[in-house]
Amino acid sequence: MRDFVQRVVETLGVDENKDRVAVVQYSRDPAAQFYLNTYTTKGEILDTVRGLRHKGGRPLNTGAALQYVRDNVFTASSGSRRTEGVPQLLILLSGGRSSDNVDTPASALKELGVLIFGIGTRSSDSRELQRISHDPSYALSVSDFTDLPNIQQQLLSSVEAVVIDVTPESTTDLVDHDTSRKDVVFLVDGSDGTRNGFPAMRDFVQRVVGKLNVGGDKDRVSVVQYGRDQEVNFYLNTYTTKEDILNTVRSLRHRGGRPLNTGAALQYVRDNVLTASSGSRSQEGVPQMLILLSGGRSSDNVDIPASALKESGVLIFGIGTRNSSREVQRIATDPSFSQSVSEFTDLPSVQEQFFSSLITVQVEATPTTPTVVVDQSIARKDVVFLLDGSDGTRNGFPAMRDFVQRVVEKLTVEENRDRVSVVQYSRESEAHFYLNTYTTKEDVVDTVKGLRHKGGRPLNTGAALQYVRDNVFTASSGSRRLEGVPQILILLNGGRSFDNVDTPASALKELGVLVFGIGTRSSDSRELQKISYDPSYALSVSEFTDLPNVQQQLLSAMSTVIVQVTTMTPTILVESQAPRRDVVFLLDGSDGTRSGFPAMRDFVQRVVETLGVDENKDRVAVVQYSRDPAAQFYLNTYTTKGEILDTVRGLRHKGGRPLNTGAALQYVRDNVFTASSGSRRTEGVPQLLILLSGGRSSDNVDTPASALKELGVLIFGIGTRSSDSRELQRISHDPSYALSVSDFTDLPNIQQQLLSSVEAVVIDVTPESTTDLVDHDTSRKDVVFLVDGSDGTRNGFPAMRDFVQRVVGKLNVGGDKDRVSVVQYGRDQEVNFYLNTYTTKEDILNTVRSLRHRGGRPLNTGAALQYVRDNVLTASSGSRSQEGVPQMLILLSGGRSSDNVDIPASALKESGVLIFGIGTRNSSREVQRIATDPSFSQSVSEFTDLPSVQEQFFSSLITVQVEATPITPTVVVDQSIARKDVVFLLDGSDGTRTGFPAMRDFVQRVVEKLTVEENRDRVSVVQYSRESEAHFYLNTYTTKEDVVDTVKGLRHKGGRPLNTGAALQYVRDNVFTASSGSRRLEGVPQILILLNGGRSFDNVDTPASALKELGVLVFGIGTRSSDSRELQKISYDPSYALSVSEFTDLPNVQQQLLSAMSTVIVQVTTMTPTILGKKNMVLISSICTLTSGFEYLIALTF
């Protein structure tokens, strides 16, 4: 039996995206030897099969074994691709009669679409085997298992010829050469390089045509020959008989010519041959096939035309020689559709294999998107019950509770199957348990039985819907939405909502949640229909005691949850349909990973294999680090998968210590995720960083990780048992993106999990904004030079002045062309001339030549940046920003600033100003922070070296991509007119007793600056120590007077320890909510001001991240007793963390805080307003289905 399994596996095309194999052995109980996703290579499978040991045991329970494979092996979590339409095969080898019932589990497998082949001996029950098998003819028999070789070919033939009905709505037919219609185009390389092989190519075409069923309404054939250009020998509608075609093929003459332009030939076939006028029947759903015979590497690009053909649904088969096989593999629809020969004279050796692929290719008969009905018994679901627990449902609550129990009884509650959560609500919402609280049906049912009616009024259904969206349908609460698991909300409601339900209901639907609403005669039926995913999902009963009457209707609706399979026809996802990604691997090459490095290298190879590498699709870079980082190659180094894989295979372990992960993260931000290194971030292409780390970092990782996230980079962290898991979670985009293995040799176990996360990645899409290239000959620019004129630049000033002259000399100065301004600064600022002072280049150059060094100290770069924003880049000073003219600031700085530069630099960037900077060795790091992008900053030793960077600088300046947003202008919101929701979170622990009066006064002074009204600014105050307490919510008061009066009366809370993390979570869950007055969903900026006097006793990272994900702008103010790093982590941006010695010094930072708050940028859109820090997110996911992939499961019995 073991040998037989080996021989069958030898015939398969084992690969993760082709054939997959699992083996289960059973006697009394079944045991999986390995699952469908355990191994991805034939070698690994064969090695494991050879090592199989006989299980032993009695009696023989074949029925239980069949049920086991249905429930545990033919599942997505075990690697089954059933829902992708991949055929599911079970090969049963049984040597006796079963002791238990086989009929029910066999039927269950067949209903699942599994094709069962049964093989028995003379000791088996042949009738039983026939009943188990998909069809009685699929049951085979041998005297003893030693005779298995005698029926091997019979089994394989049955497997190959099998026809599988994928869904009742859309059937998949086997294209048979006797009955089906096909349009077949041969594209033959007739260039100089194939002169000797041409007769063999011609013979091959003849032999394939000989196998086809040619006729006007059957198979049609066309032949095109190409070299430098193309020549059609005949079209699809030229001949209608096989004889005519063969006669013409026999007389084909070699064309000759060079170079070989395969790309142009593919495009030509798409545009001129596979068309209705040339005989193509693609509009009738007839399969379109292209057979390419290519003998050399193309001189032009083949990827774009090949992708265009695949997107049109054309199946491309290719045969190449040793000179062209890699390229042909790329062109083919699937690598398995391509073959290779040494010379074309060897074509007869692959003919049978090729023809077999051609005639058995599975083409989808329906050109529309197939619909797969997911069976509730096997699909995974996340089900949340939302129960109305208000005063009006007191009598009906027991019936609601019973209903929940009965529905749960019908589910398959397990961690990897169905998950359940229950939430009850009235005025507020309360989660009884989350999706990841319980993993067994028993635990769920026990808890449901013990539910008590909540009570309360009014009924806030809108707030409850928002609550489940923000707190239950999240990864941290057990939701598997990002894994593609259906999200279901069942609302049991007994009255009309007191608050608005439309916005939160829409938000749930946008998240993809399927909402079923069940109401009574006291409910508002229209409201329920609006809440439900579809009006037909809203059900109604007279009283809750009638719920059993709609139970089956609900379960039926849930069981037919529709999964849309987004594939073309045929069922192969065209690679180019996948989103473009820039993927950077950051590999720990320190001394501690020496033994694991080969496994890391293999892992990178396997992930790259799954990508669609191309200059215009996926790009890849690899960086290795230990003490220092080193780029192995950048995103624009290679444009083909082959080149990347070759380089990765050759990677050598770097070695070194200590492990500086922080420095490495900063390095990839500054040197790899840049336009000059091939990053397409400014084009909206998702930026992914995959970190493999085998130890704890010796340096700080938080700041560079935050910097990467601010840049929009999605970080996935993978660590071993030697890594710091918390550190990895902090680095990763989301804690759920941090994966862990024991050793790097276990990386294959989490490969699929990583790829699923990558595929489901959320990216920021800006379809309204177009990207234009600013060209110095044609575009208009407003350019401001901000020149350091402090005491420290006295010697370098003449060189700075010359540099400004040279840059101005390159500009196209004129009133309606480029405009220029020069500002010099030290302690304060002086405008030498404004943007509208001069309209000719000559006047500007004359003034620049006469500039005198200003002098002064200290150097206040922050104040100068703020000054330029408020006084120079304005309409009255000549700025044309309102007309969409690019605004550019060129900073020349020779020293470190004495004041804060981050807030004013951010304000300029948020206003759309492009900042370029040149610094010296004293200022280069700061200038890099100020610049729009690190690639926009340069460094010189002294300003006298400016000529050495001039050309590079000017190149950056004129080719910079500026985002033109005529539809969505960026508006600077003036604090006097903008709406804001402001929450103060005050440390009321024992350690702040003496400082509390100063905190209270500070809150009063800030509130005095706000415009407190219901439709303008709203304020809330929360005090915390061990627990948190809200003094008042955002909707408690609507006048400034009421707020100030309450603040004046605040008393110090006291208590220990200081749980800042819990307090942050509290304000997220209880204050920044619609029911507490938050207007987040209306696009109103959400601001949290934390006053903190000590280090937190609990973890702050997760709740701080949760607030940022919600779009809350957190400003942290601490004293010398606080942990400054902790405050920076909590704050929305490290620059938003302010510090005082004691709380009595708070007045010193009041203006700085108000300035930061007043420049909060709101993105104005015709849809929902976008707040800085909260992006419009679109979920991009791709499904890869290879039609050549079969899944085999072999069950052994002893």
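Before any of the text, the structure's been laid out above.
Scope of this entry: the structure provided in the associated data block. Model, not experiment: these values are computed from the prediction. As a convention, each chain's residues are numbered from 1 in the sequence order in which they are written. Local features in this predicted model are restricted to residues of pLDDT 70 or higher, and side-chain atom pairs are both shown and tallied only at a pLDDT of 80 or more, whereas totals for entire chains, interfaces and linings draw on every residue. Side-chain measures here rest on the full set of heavy atoms in the structure, leaving out hydrogens and waters.

What counts as a helix is a DSSP run of H or I of at least four residues, what counts as a strand is a run of E of at least two, and both are numbered from the N terminus. Along its length, the chain carries 36 helices and 47 strands. Counting every position in the chain, which comprises 1198 residues, the buried fraction comes to 56%. Pairs at least 24 residues apart make up 77% of the contacts formed inside the chain by residues separated by at least 6 positions. Here's how the labels work: a residue is buried when its accessible area is under 20% of the maximum for its type, exposed when over 50%, partly exposed in between, all with a 1.4 Å probe on protein chains only. Residue contacts follow a heavy-atom distance rule, with two residues in contact if any of their heavy atoms lie within 4.5 Å.

What follows is about the pattern of salt bridges. Whenever a carboxyl oxygen of Asp or Glu lies within 4 Å of a side-chain nitrogen of Lys or Arg, that contact is scored as a salt bridge. According to the stated counting rule, one finds 62 salt bridges in the structure shown. Notably, a salt bridge pairs Arg480 with Asp382, separated by 2.6 Å at the nearest N-O pair. A residue pair is termed long-range when its members are at least 10 positions apart, and Arg480 in the loop between helix H15 (461–471) and strand S18 (487–493) and Asp382 in strand S15 (residues 382–388) qualify at 98 residues. The exposure class assigned to Arg480 is buried, which follows from its relative accessible area of 3%. Look at Asp382 and you get buried, because its relative accessible area is 0%. Across the pair Asp791 and Arg794 runs a salt bridge whose closest N-O atoms are separated by 3.6 Å.

With that settled, the discussion passes to the nonpolar core. Counting residues in each nonpolar core, the largest one holds 36 residues, and the members touching the most others are Phe984, Leu986, Leu1091, Ile1117, Leu1146 and Leu1153. Of all the secondary-structure elements, those providing two or more residues to this core are strand S38 (980–987), helix H31 (996–1009), strand S39 (1017–1024), helix H32 (1040–1048), strand S41 (1086–1092), strand S42 (1112–1118) and helix H36 (1147–1158). Tallying contributions element by element places H31 first for this core, with 7 residues. With near-sequence residues (within four places) excluded, Leu1091 lies in contact with Leu985, Leu986, Asp987, Met999, Phe1002, Val1003, Ile1117, Phe1143 and Leu1146. Grouped together as the second largest cluster of nonpolar side chains are 34 residues, Phe385, Met400, Val445 and Leu514 included. Definition of nonpolar core: a set of buried residues of the types Ala, Val, Leu, Ile, Met, Phe, Trp, Tyr and Cys, connected through side-chain atoms within 4.5 Å.

What follows covers the sheet that holds strand S20 (residues 538–540). For two strands to be treated as a pair, DSSP must find no fewer than two bridges joining them. Here we have 6 strands laid out as an open sheet, ordered S17-S16-S15-S18-S19-S20, and mixed in their pairing. Each of the sheet's edge strands pairs with one partner strand only, and the pair in question is strand S17 (429–433) and S20. Adjacent strand axes in the sheet meet at a mean angle of 20°, parallel and antiparallel pairs treated alike. Pairing of S15 with S18, which is carried by 6 bridges, proceeds in the parallel orientation. Following the sheet pairing, Leu387 is matched in S18 by Leu492. The axes are straight lines fitted to the C-alpha atoms, using for helices just the contacting stretch, and the angles between their N-to-C directions are given from 0 to 180°. Lying on the sheet, helix H13 (residues 397–410) is in contact with S15, strand S16 (419–425), S18 and strand S19 (513–519); it crosses S15 at an angle near 175°.

Looking now at the sheet that holds strand S9 (residues 230–234). Spatial strand order, S9-S8-S7-S10-S11-S12: 6 strands in an open sheet with mixed pairing. Where the open sheet ends on each side, the last strands, each with one partner, are S9 and strand S12 (338–340). On average, adjacent strands in this sheet sit at an angle of 15° to one another, irrespective of strand direction. Examined bridge by bridge, strand S11 (residues 315–320) and S12 share 3 bridges and lie parallel to one another. Bridging across to S12, Gly320 finds its partner in Ser340.

Let us look at the side chain of Asp1101. Within the fold, Asp1101 resides in helix H34 (residues 1101–1109). Overall, Asp1101 belongs to the buried group, its relative accessible area being 16%. Separated by 3.4 Å, the side chains of Asp1101 and Lys1129 make a polar contact. In contact with Asp1101, not counting residues within four places along its chain, are Arg730 and Lys1129. Two N or O atoms count as a polar contact when they lie within 3.5 Å, although within protein this holds only if one can serve as hydrogen donor and the other as acceptor, and sequence-adjacent residues are included solely when both atoms are side-chain atoms.

The pairing test for Phe, Tyr and Trp rings, Trp by its six-membered ring, is centres within 6.5 Å, and the orientation test on the planes gives stacked under 30 degrees, edge-to-face over 60, and tilted for anything in between. Applying the stated criterion across every chain, the model contains 14 aromatic pairs. Taking the centre distance of 4.8 Å and the plane angle of 10° together, the rings of Phe916 and Phe936 count as stacked. Of this pair, Phe916 sits in strand S34 (residues 914–919) while Phe936 sits in the loop between helix H29 (924–930) and strand S35 (937–939); the two residues are 20 residues apart in sequence, bridging distant segments of the chain. Every member of this aromatic cluster is reached through a ring pair, and the members are Phe516, Tyr533 and Tyr537.

On to the packing of helix H1 (residues 2–10) against helix H6 (residues 149–160). Viewed as axis vectors pointing N to C, H1 and H6 meet at an angle of 35°, and their least axial separation amounts to 11 Å. Crossing of H1 over H6 shows right-handed handedness. Here Phe4, Arg7 and Val8 of H1 lie close against H6, whose contacting residues are Pro149, Ile151, Gln152, Leu155 and Leu156. Residues are grouped as follows: Ala, Val, Leu, Ile, Met, Phe, Trp, Tyr, Cys and Pro are nonpolar; Asp, Glu, Lys and Arg are charged; all remaining types, including Gly, are polar. Class assignment of the residues belonging to the contact of H1 with H6 gives a composition of 6 nonpolar, 1 polar and 1 charged. Less than a right angle of anticlockwise turn of the near helix away from the far helix marks a crossing as left-handed, whereas a clockwise turn marks it as right-handed.

Buried within helix H22 (residues 702–710) we find Asp702, Pro704, Ala705, Ala707 and Leu708. In the segment just after H22, Gly712 is the residue with positive phi, at about 95°.

What follows covers helix H2 (residues 42–50). Residues Ile45, Leu46 and Val49 constitute the buried set of H2. Taken down its axis, H2 places every buried residue within 95° of arc, on the same side. Working definition: the arc comes from the directions between the helix axis and the C-beta atoms, pointing outward to the latter.

This part is about the packing of helix H33 (residues 1060–1070) against H34. At a closest axis distance of 8 Å, the pairing of H33 and H34 adopts a crossing angle of 25°. Classed by the angle they form, the pair H33 and H34 counts as roughly parallel. Regarding H33 and H34, the two cross each other, and that crossing is left-handed. Across from Gly1061, Leu1064, Gln1065, Val1067 and Arg1068 in H33, the residues of H34 making contact are Pro1103, Ala1104, Ala1106 and Leu1107. Among the residues making up the contact of H33 with H34, the classes are represented as 6 nonpolar, 2 polar and 1 charged. Here the angle decides the label: under 35 degrees means roughly parallel, over 145 means roughly antiparallel, 65 to 115 means roughly perpendicular, and every other value means oblique.

So far we have only geometry, and geometry alone does not tell us how the molecule works.
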